[in-house]
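Now for the letters of each chain:
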Amino acid sequence: MGRVTTVIVLALGMLGAGLAGVAGAQGMKVIQTQKTKEAVITLKSESGQWKQGPNAFVLELTSPDGKPLDAGKATLSSSMTMPGMAPMIAGATLSPDKAPGRYAGTISFPDGGARQVTVTWDGPGGKGSAKFSVPVR
Ligand SMILES: [Cu+2]
């Protein structure tokens, strides 16, 4: 390889690493969005999917016009109905982020399949709940 080619390859490599870094920090993909009268609820993660096993994700609550919602205490629980069994229940651990209406979450699923997810919130920006279905791959 000539010297100029080597420099170009190195530069492209660094550009690629830079883009990957940005994607890691901010390039969260949407897992699911749900709208209610009071709020828009968005679940995001790096892969854009919930999978069997432990999952890290972000829960974001905004007002219907897209402004951050000061949602205060939020909870997320999930339930899966399985024939001949008690429903499988899994709750998320949520920690408020610095930004209002944004929470870092973890949740673990023992198997794949659709979950009925319930999100509740109660804070200065209002109080509400939403139920929606999210697939676990
Ligand atoms: Cu199950």
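A quick note: this is a predicted structure, and the numbers were derived from the prediction, not measured.

A. Layout of the overall build of the protein. When you go through the protein residue by residue, the secondary structure sums to one helix and nine strands. Sorting the 137 residues of the protein into buried and exposed places 19% on the buried side. Sequence-distant contacts, at least 24 apart, represent 51% of the contacts inside the protein between residues at least 6 apart.

B. Inspection of the sheet that holds strand β3 (residues 53-62) at higher detail. With antiparallel pairing, five strands are arranged side by side in an open sheet as β1-β2-β3-β7-β6. Edge strands, defined here as strands with exactly one partner in the open sheet, are β1 (29-35) and β6 (93-96). The sheet shows a mean angle of 25 degrees between the axes of neighbouring strands, taken without regard to direction. With eight bridges joining them, β3 and strand β7 (residues 102-109) adopt antiparallel strand pairing. Paired with E60 across the strands is R102, a residue of β7.

C. Inspection of the pairing of strand β4 (residues 73-80) at higher detail. Pairing of β4 with strand β8 (residues 113-123) involves seven bridges; the strand directions are antiparallel. Each residue of the ladder has a partner; that of A74, found in β8, is W121. As paired strands, β4 and strand β5 (residues 88-91) are joined by four bridges and run antiparallel to one another. In the strand pairing of β5, S79 is matched with I89.

D. Local environment of the nonpolar core. Judged by nonpolar contacts, the single largest core of 20 residues is most densely connected at L59, L61, A74, L76, L94 and V119. Contributing elements (two or more residues each) for this core: β2 (40-45), β3, β4, β7 and β8. Ignoring sequence-local partners within four residues, the contact set of L94 consists of L59, A74, T75, L76, Y103 and G105.

E. Structural context of the confidence of the model for the protein. Summarising the model, the protein shows a mean pLDDT of 87, and 81% of its residues fall at 70 or more. Overall, residues 14-25 carries pLDDT values under 50, and its contacts beyond four positions in sequence, including any with other chains, amount to one contact.

F. Representation of the sheet that holds β4. With respect to topology, four strands assemble into an open sheet ordered β5-β4-β8-β9, the strand pairing being antiparallel. The open sheet has two edge strands, β5 and β9 (126-136), and neither has a second partner. Neighbouring strand axes in the sheet, compared pairwise and without regard to direction, differ in orientation by 20 degrees on average.

G. Structural detail: the environment of A56. Mapped onto the elements of the fold, A56 is located in strand β3. In this structure, the C-alpha to C-alpha distance between A56 and G105, residues 49 residues apart in sequence, is 5.8 Å. In this view, A56 contacts S45 and T106; residues no more than four positions away in its chain are not counted.

H. Representation of the environment of T106 in the model. Here T106 shows up in strand β7. Taking the C-beta count within 10 Å as the criterion, T106 has 12 such neighbours and is therefore assigned exposed. Between the C-alpha atoms of T106 and T93, which are 13 residues apart in sequence, the distance is 5.3 Å. Non-local contacts of T106, meaning those with residues more than four positions away in its chain, are made with P54, N55, A56, A92 and T93.

What counts and how
- Throughout, residues of each chain are indexed from 1 in the direction in which the sequence is written.
- Restriction of local features to residues with pLDDT of at least 70 applies here, the model being predicted, together with a cutoff of 80 or more for giving and counting side-chain atom pairs; totals for whole chains, interfaces and linings are based on all residues.
- Runs of E in the DSSP output that reach at least two residues are strands. Runs of H or I that reach at least four are helices, and both are numbered from the N terminus.
- To sort residues by burial, count the other C-beta atoms lying within 10 Å of each one's C-beta; a count of 20 or more means buried, 12 or fewer means exposed, and anything in between means partly exposed. C-beta atoms are built from the backbone.
- With C-beta atoms placed from the backbone, a contact is any residue pair whose C-beta atoms sit within 7 Å.
- Two strands make a pair as long as DSSP finds a minimum of two bridges between them.
- For every element, the axis is a line fit to its C-alpha atoms; helices are fit only across the contacting stretch, and the angle between N-to-C directions ranges from 0 to 180 degrees.
- By definition, a nonpolar core groups buried Ala, Val, Leu, Ile, Met, Phe, Trp, Tyr and Cys residues that connect through C-beta atoms lying within 7 Å of each other.
- In predicted models, pLDDT denotes the confidence assigned by the predictor to each residue on a 0 to 100 scale.

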